[in-house]
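Coordinate analysis (summary)
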Amino acid sequence: KALVQEQFSLTNIIGKSNAMQKIMEKTCRAAETDSNIYIYGESGTGKELIAKSLHLLSGRKDSPFVAINCAAIPEGLLEAELFGYEKGAFTGAVRKKKGLFSQAHTGTLFLDEISETPMSMQVKLLRVLEEKQFYTLSGESPVTVDIRIIAAANKDLEQEVKDGSFREDLYYRLHVIPIHIPPLRKRMEDIPILANHFLQKLYHMIRRHPH
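This text gives an overview of the structure that appears in the document.

What counts and what doesn't
- Residues numbered from 1 in each chain as written.
- Predicted model: local features only at pLDDT ≥ 70, side-chain atom pairs only at ≥ 80, totals over all residues.
- Heavy atoms only, no water.
- Salt bridge = Lys/Arg side-chain N within 4 Å of Asp/Glu carboxyl O.
- Helix = DSSP H or I, 4+ residues; strand = E, 2+ residues; numbered from the N terminus.
- Buried < 20%, exposed > 50% of the residue type's maximum accessible area, 1.4 Å probe, protein only.
- Contact = heavy atoms within 4.5 Å.
- Expected span 1.5 Å × (residues − 1).
- Arc of directions from axis to C-beta.
- Pairing = 2+ DSSP bridges.

Our next topic: the pattern of salt bridges. Evaluated as defined, the whole model comprises 7 salt bridges. Here lysine 155 makes a salt bridge to glutamate 116, at a shortest N to O gap of 3.1 Å. Of this pair, lysine 155 sits in the loop between strand S8 (148-153) and helix H7 (157-163) while glutamate 116 sits in the loop between strand S5 (108-112) and helix H6 (119-131); the two residues are 39 residues apart in sequence, bridging distant segments of the chain. For glutamate 116, a relative accessible area of 34% corresponds to the partly exposed category. Of the charged contacts, one joins aspartate 169 and arginine 167 as a salt bridge, the two residues approaching to 2.7 Å between their closest N and O atoms. Taken together, the shared-partner salt bridges in this structure form one network comprising Asp34, Arg60 and Asp146.

Bringing the environment of tyrosine 40 into the picture now. With respect to the element layout, tyrosine 40 can be found in strand S1 (residues 37-40). Here the alpha-carbon distance between tyrosine 40 and alanine 152, two residues 112 residues apart in the chain, equals 5.5 Å. Residues contacting tyrosine 40, with those up to four places away along its chain left out, are Lys47, Ala153, Pro178, Ile179, His180 and Ile181.

With 13 residues, H6 should reach 18 Å at 1.5 Å per residue; the first-to-last C-alpha distance of 19 Å fits that figure. Here H6 has its buried residues at Met121, Gln122, Leu125, Leu126, Val128 and Leu129. One face of H6 carries all of its buried residues, which in axial projection span an arc of 160°. On its buried face, H6 is in contact with helix H4 (75-83), helix H5 (100-103), S5, strand S6 (133-134), S8 and helix H8 (168-174). Note on H6: the residue one or two positions beyond its end, lysine 132, has a positive phi of about 60°.

Right, let's talk about the pairing of S1 for a bit. Of the pairings in the sheet, the one linking S1 to S8 comprises 4 bridges and is parallel in character. The residue bridging isoleucine 39 from the neighbouring strand is alanine 152, located in S8. Pairing of S1 with strand S9 (residues 177-180), which is carried by 4 bridges, proceeds in the parallel orientation. Pairing of tyrosine 40 across the sheet is with histidine 180, part of S9.

Rendered as structure tokens:
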């Protein structure tokens, strides 16, 4: 059963190169732990696919996998999106809303483009990672969560720390198990396999919708 689950969870990760085999092995090993994971690599390398596989291979697989692209949410809305808010917390807050941290309780929260998180938000993220608690906007009682964090970035977070745009303490909290995904140009032997995979998908799509 475990082997079937493992194969199912890794089916969307296409590649036979040594680099991809090592990534799959590391993904399987990392999934067995409950540590925070940091996935890094250029845009389009499949960081969210790896994050989903980590979740499906973990003991949290039956709980929610919640993903957010931190770069896609305006700074003023990010806190409300992550932590939720009470009714009347701000203009337009006509009802209470559960944040993504609460939605991911007992599961996995995937923070994509973590490097784009503003400093003020980084402090709050660090506090949640340390205390496993947070306050909703206008909330008076702390909310306790049990989640695993998987963060991803296409920037060099270590360099961001050196440049002073990312907190060093948060970096080390997230960087417990790092997984690097090299770009396709560094694993050329995967190109024919990927091309065949997408041709097969296109073929089946055309078969299903001939007109």
